[in-house]
Amino acid sequence: MPPPNDQLAASQAAIRAADEVGAGTDPQATLHLKLANEQIEQARQLMQAGENEAALPLLERAEADAELALAIAKARATQAQAEDALKQVEQLQQAGVK
């Protein structure tokens with residue numbers, strides 16, 4: 001089996017995407033990013049040893065963990081925006097604006 005370079009690139013891209021939306025600031029998302037990075041490192045070691053078949057599932061899991069971190073970070077951001085909007089509505093209601 002050839003080296004799973006495409007999957008490695010996809011996993012790395014997913015990690016970058018999660019980092020860009022601030023996954024590193026959320027404890028749960030950070031955990032998944034850490035797992036993804038560890039899995040990529042293990043997969044790289046396997047690839048260097050010629051164990052490409054064993055590396056592929058690790059890379060797929062790394063991508064999934066990174067995508068989960070991304071989803072968690074986006075959900076937290078959306079929740080924060082919703083809470084801010086609710087506070088603004090409450091302030092307007094208290095000021096008598098309807």
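Note that the coordinates shown come from a computational prediction; the quantities given were computed from them, not determined experimentally.

## Quick notes on helix 1 (residues 5-20)
Compared with an ideal rise of 1.5 Å per residue, which puts 16 residues at 22 Å, helix 1 spans 22 Å between its outermost C-alpha atoms and is within 8% of the ideal. Taken residue by residue, helix 1 has Gln7, Leu8, Ser11, Ala14, Ile15 and Ala18 as its buried positions. One face of helix 1 carries all of its buried residues, which in axial projection span an arc of 125 degrees. Among the exposed residues of helix 1, those pointing more than 90 degrees away from its buried face are Asp6 and Glu20. Looking at the buried residues of helix 1, the elements they touch are helix 2 (27-48) and helix 3 (52-94). Where helix 1 terminates, the next one or two residues include glycine 22, which has phi positive at roughly 90 degrees.

## Quick look at the pattern of salt bridges
Tallied over the entire structure, the rule returns two salt bridges. Arginine 76 is the partner of aspartate 26 in a salt bridge, and the nearest nitrogen-oxygen pair spans 2.4 Å. A residue pair is termed long-range when its members are at least 10 positions apart, and aspartate 26 in the loop between helix 1 and helix 2 and arginine 76 in helix 3 qualify at 50 residues. A relative accessible area of 9% means that aspartate 26 is categorised as buried.

## Structural notes on the nonpolar core
With 20 residues, the main nonpolar core has Ile15, Ala18, Ala23, Leu33, Ile40, Leu59 and Ala69 as its most contacted residues. Broken down by secondary-structure element, the contributors of at least two residues to this core are helix 1, helix 2 and helix 3. If one sorts the elements of this core by residue count, helix 3 sits on top with nine residues. Aside from chain neighbours lying at most four places away, what touches leucine 33 is Ile15, Ala18, Asp19, Ala23, Gly24 and Ala69.

## Thoughts on the confidence of the model for the chain
Predicted confidence across the chain gives a mean pLDDT of 94, with 98% of residues reaching 70 or more. For the chain, helix 3 is the element with the lowest average pLDDT, namely 94, and helix 2 is the one with the highest, namely 97.

Analysis parameters
Residues numbered from 1 in each chain as written. Predicted model: local features only at pLDDT ≥ 70, side-chain atom pairs only at ≥ 80, totals over all residues. Heavy atoms only, no water. Helix = DSSP H or I, 4+ residues; strand = E, 2+ residues; numbered from the N terminus. Expected span 1.5 Å × (residues − 1). Buried < 20%, exposed > 50% of the residue type's maximum accessible area, 1.4 Å probe, protein only. Arc of directions from axis to C-beta. Contact = heavy atoms within 4.5 Å. Salt bridge = Lys/Arg side-chain N within 4 Å of Asp/Glu carboxyl O. Core = buried A, V, L, I, M, F, W, Y, C linked by side-chain atoms within 4.5 Å. pLDDT = per-residue confidence, 0-100.

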